[in-house]
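Each chain, written out:
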Amino acid sequence: MNVFGDLGTVGLATALTALLIFGIPGGGKLKPLGWWSTLFFAMLAASAYKAAGGIFSVVPDLAASVISFTNGFVKGLTLPGLALSLAIFILFKKLTTKQLAIVALLFFYVASSAGGSWSYVAQAIENARAGMQ
């Protein structure tokens, strides 16, 4: 049984974008998204953006620009090094949930491309996303 019918990758990316935009400030019947739920949904959205392409490729393109810009200053910086640095930033810097959503989108794109354990998480989210179609 599929609750959402033929949601598709673009539909999932759109729904997660709406959740992040409207769920972070809250104000409706439901409470605003918390820190951990914002992190989770931003990671799921990053996976959906990567798969959806089209207008949603803005986020992966922005991440690629940040990576190349950073490599201009720090020669030899690898994706795993950048992913670990972003993870440390997320965990130790006091961020609002809006800031967290933006940094988490960038982080997950970098981390899923870096290989290692994060690529397994990215693959699991991708498999879950594919199962929702």
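In this report, we go over the structure that sits alongside the text. (Residues numbered from 1 in each chain as written. Predicted model: local features only at pLDDT ≥ 70, side-chain atom pairs only at ≥ 80, totals over all residues. Heavy atoms only, no water.)

Across its full length, the chain holds six helices and zero strands. Counting helices and strands in the order they occur from the N terminus, the chain gives α-α-α-α-α-α. Residues counted as buried form 35% of the 133 residues belonging to the chain. When contacts within the chain are restricted to residue pairs at least 6 apart in sequence, long-range pairs at least 24 apart make up 67% of them. Counting every atom, the chain has about 7,900 Å² of accessible surface; 70% of that belongs to carbon and sulfur. (Helix = DSSP H or I, 4+ residues; strand = E, 2+ residues; numbered from the N terminus. Buried < 20%, exposed > 50% of the residue type's maximum accessible area, 1.4 Å probe, protein only. Contact = heavy atoms within 4.5 Å. Areas by Shrake-Rupley, 256 points an atom, 1.4 Å probe, with all protein chains shown as cover.)

Our next topic: a nonpolar patch on the surface. On the surface, a cluster of nonpolar side chains totalling about 640 Å² of accessible area is made up of W36, L84, I88, L91 and F92. Per element, the largest residue contribution to the nonpolar patch is four residues, and it comes from helix α4 (residues 79-92). Mapped onto the fold, W36 is located in helix α2 (residues 35-52). (Patch = residues over 30% accessible without salt bridge, like charges linked within 9 Å, V, L, I, M, F, W, Y side chains within 5 Å. Salt bridge = Lys/Arg side-chain N within 4 Å of Asp/Glu carboxyl O.)

To continue, consider the environment of A45. Topologically, A45 is positioned in helix α2. Taking relative accessible area as the criterion, A45 reaches 0% and is therefore assigned buried. In the structure, A45 is positioned 25 residues away from L20 in sequence and 8.8 Å away in space, judged by C-alpha atoms. Setting aside anything within four residues of it in sequence, one finds A45 in contact with L16, L20 and L105.

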